[in-house]
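Each chain, letter by letter, is given below.
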Amino acid sequence: MAPSGSRSIKRGCQRVLYWIPVLFIALIVAWSYYAYVLQLCIESIDDTGEKVIYLLVYHVVFIMFVWAYWQTIFTKPMNPLKEFHLSYSDKELLEREDRGESQQEILRRIAKDLPIYTRTNSGAIRFCDRCQLLKPDRCHHCSVCDKCILKMDHHCPWVNNCVGFSNYKFFMLFLAYSLLYCLFITATDLKYFIKFWLAGGRAHFRLKEYLNGLPDTQAKFHILFLFFSASMFSVSLASLFIYHCWLVCKNRSTLEAVRAPVFRHGTDKNGFSLGFSKNFRQVFGDEVKYWPVPLFSSLGDGCSFPTCLVNLDPEQPSSPSSSNSAIKSVAEGHQFPSKPLRESQSRLLTSTPSWSESDNGVEKDKKGASNPGMTIENEA
C-alpha cells in the first residue's frame, strides 16, 4: 500500500506542477487586461472616440483569444476507437508468444481489417504496449498523459494538454488570436509609449514633480511595460504561428516534421498531403463560417486519413524524391489491402479522380496479364 500511496502523491504533485505554466499565462493576461483597459484606455486616453474604438476592438479580440485558449486547454484529446484495442483473447495469445516474428503475425492478422497504412522504421505494425492497442495512423503515445493520442502533434506545457486531432484547430486559433492580441496592443500602445517615455526622460530629475505625480508614474510603468511585453510575445508567437501554418499547408504534425511517417514503400514526408486546400479543410472544415470560431469543425474521425498513396495529389510540389515516391506507391499499389475509404476521406477526395476498387482491379488484371507470376501481397 505504501508504494501505491507514494505513487499517488507523486502523481498529484505532478498534476499541480503541470498547471503552473497555465497559471502564469492567466496572470499575464489578467494584468494586460488591467493595464490596457484601465491604465491606458480609461486613465491615459483623452479622446472619447479613440477610447471607445480601442475598447470595442480590444474586447472582441480578447474574448476570441480567451475562448480559443480555454478550448485548447479543456478539450480532451481523442483516443483510438475500441476496434484498435486488442481483445482479451488476442492479449493472451500475444503474451504466450515469445518470438517477435510470431507476435507480428498476430498483429498483422488483427490489422488486416483496420485502416492502418503506417509502420515502424523496421516495417513492423505500430503497437502500444502500455495501451494494448494497434496505433492508428498518426497516433502516438504521450508520456505525460500516458495515453495514445489521435493525430498527436505535441504535448504543450502552456496549455497543460496534448495538442492533437480533437483540439488542433483550437490550438491554431489560440496562436492566431494571441498574436493578434499582442499586435493590437503593441500598435495602439506605441503612441503613448513614446509619449510617456520621452516625458519620463524630461522629468527624470524633477523630484518634486515625480513625488506629486505618483499615480501618473504608475500609469507610465504599466503602459511602458505593456508595450515591451506585447512586442516581445509578438515575436515568439509569430514564429510559432508561421511554423504551424506551414505544417497545416503540408498536412504534417510536429512529430511528423521531425520524423517522417513510414509506409510500406518506405519513408514519405508528404504521405498525408492532399494539396493546400484539402490540407487546410482537413483541420478547419468545409464551412467557412466556422473557420474563425473555436468550435470543432475538423474533418474525419482521427483514426484514418486519406493519403497520396491512395489518391495522387495534383497540388503536390514536384521534386525528384516526392515524384519518385508517389510513382512508386502507385506502381506498387498491390502491396496495400483494398480497404474502403471512410466518409470523411471521401469528402476530401471528391474533387479529384478517386481511387476505386474496380479501377484497382482492372489495373491488377493488366499487371497480371503482363506478368502472370506476380502475386498480390496483402497484410496478414
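Residues numbered from 1 in each chain as written. Predicted model: local features only at pLDDT ≥ 70, side-chain atom pairs only at ≥ 80, totals over all residues. Heavy atoms only, no water.

## What about the confidence of the model for the protein?
Part 1: Mean pLDDT over the protein stands at 80; residues scoring 70 or higher make up 75%.
Part 2: Mean pLDDT across the elements of the protein bottoms out in helix H11 (residues 320-331) (36) and peaks in helix H3 (residues 48-74) (97).
Part 3: Low pLDDT, under 50, characterises residues 311-347; the predicted model gives this stretch 75 contacts beyond four residues in sequence or across chains. (pLDDT = per-residue confidence, 0-100. Helix = DSSP H or I, 4+ residues; strand = E, 2+ residues; numbered from the N terminus. Contact = heavy atoms within 4.5 Å.)

## Regarding the nonpolar core
Part 1: Core analysis: the biggest nonpolar cluster contains 47 residues, and Tyr-36, Tyr-58, Tyr-168 and Phe-174 have the highest contact counts within it.
Part 2: Residue assignment for this core shows that the elements contributing at least two residues are helix H2 (20-42), H3, helix H6 (168-202), helix H8 (214-250) and helix H10 (276-284).
Part 3: The dominant element in this core, judged by the number of residues it contributes, is H6, at 15 residues.
Part 4: With sequence-adjacent residues up to four places away left out, Tyr-58 is seen in contact with Ser-32, Tyr-33, Tyr-36, Val-37, Tyr-181, Phe-184 and Ile-185.
Part 5: Membership of the second largest hydrophobic core comes to 19 residues, among which are Leu-107, Ile-110, Ile-116 and Ile-125. (Core = buried A, V, L, I, M, F, W, Y, C linked by side-chain atoms within 4.5 Å. Buried < 20%, exposed > 50% of the residue type's maximum accessible area, 1.4 Å probe, protein only.)

## What to know about the side chain of Ser-178
Part 1: By secondary structure assignment, the location of Ser-178 is in helix H6.
Part 2: Exposure remark for Ser-178: the relative accessible area of 4% places this residue in the buried category.
Part 3: Within the structure, the side chain of Ser-178 is placed 2.7 Å from the backbone oxygen of Phe-174, a separation counted as a polar contact.
Part 4: A distance of 3.0 Å separates a polar side-chain atom of Ser-178 from the backbone oxygen of Leu-175.
Part 5: With near-sequence residues (within four places) excluded, Ser-178 lies in contact with Phe-65 and Leu-237. (Polar contact = N/O pair within 3.5 Å; in protein donor to acceptor, adjacent residues only side chain to side chain.)

## What to know about a nonpolar patch on the surface
Part 1: A cluster of nonpolar side chains, contributed by Leu-190, Ile-194, Trp-197, Leu-198 and Phe-228, occupies part of the molecular surface with about 500 Å² of accessible area.
Part 2: With respect to the helices, strands and loops of the structure, Ile-194 is situated in helix H6.
Part 3: Here Ile-194 falls in the partly exposed class, since its relative accessible area comes to 42%. (Patch = residues over 30% accessible without salt bridge, like charges linked within 9 Å, V, L, I, M, F, W, Y side chains within 5 Å. Areas by Shrake-Rupley, 256 points an atom, 1.4 Å probe, with all protein chains shown as cover. Salt bridge = Lys/Arg side-chain N within 4 Å of Asp/Glu carboxyl O.)

## Re the side chain of Gln-39
Part 1: Its location among the elements puts Gln-39 in helix H2.
Part 2: What makes Gln-39 buried here is its relative accessible area of 7%.
Part 3: Side-chain polar atoms of Gln-39 contact the side chain of Tyr-34, separated by 2.6 Å.

## Quick word on the packing of H2 against H3
Angle between the axes and distance between the axes are the two parameters that describe a pair of packed helices.
Part 1: In the contact formed by H2 and H3, the axes pass within 11 Å of each other and the chain directions differ by 170°. Taken together, the axes of H2 and H3 lie roughly antiparallel to each other. Here H2 contributes Val-22, Ile-25, Val-29, Ser-32, Tyr-33, Tyr-36, Val-37, Cys-41 and Ile-42 to the contact with H3, which in turn contributes Lys-51, Tyr-54, Leu-55, Tyr-58, His-59, Phe-62, Phe-65, Tyr-69 and Ile-73.
Part 2: Taken together, the residues that form the contact of H2 with H3 break down as 15 nonpolar, two polar and one charged. (Axes fitted to C-alpha atoms, helices over the stretch in contact; angles between N-to-C directions. Parallel < 35°, antiparallel > 145°, perpendicular 65-115°, else oblique. Nonpolar A, V, L, I, M, F, W, Y, C, P; charged D, E, K, R; others polar.)

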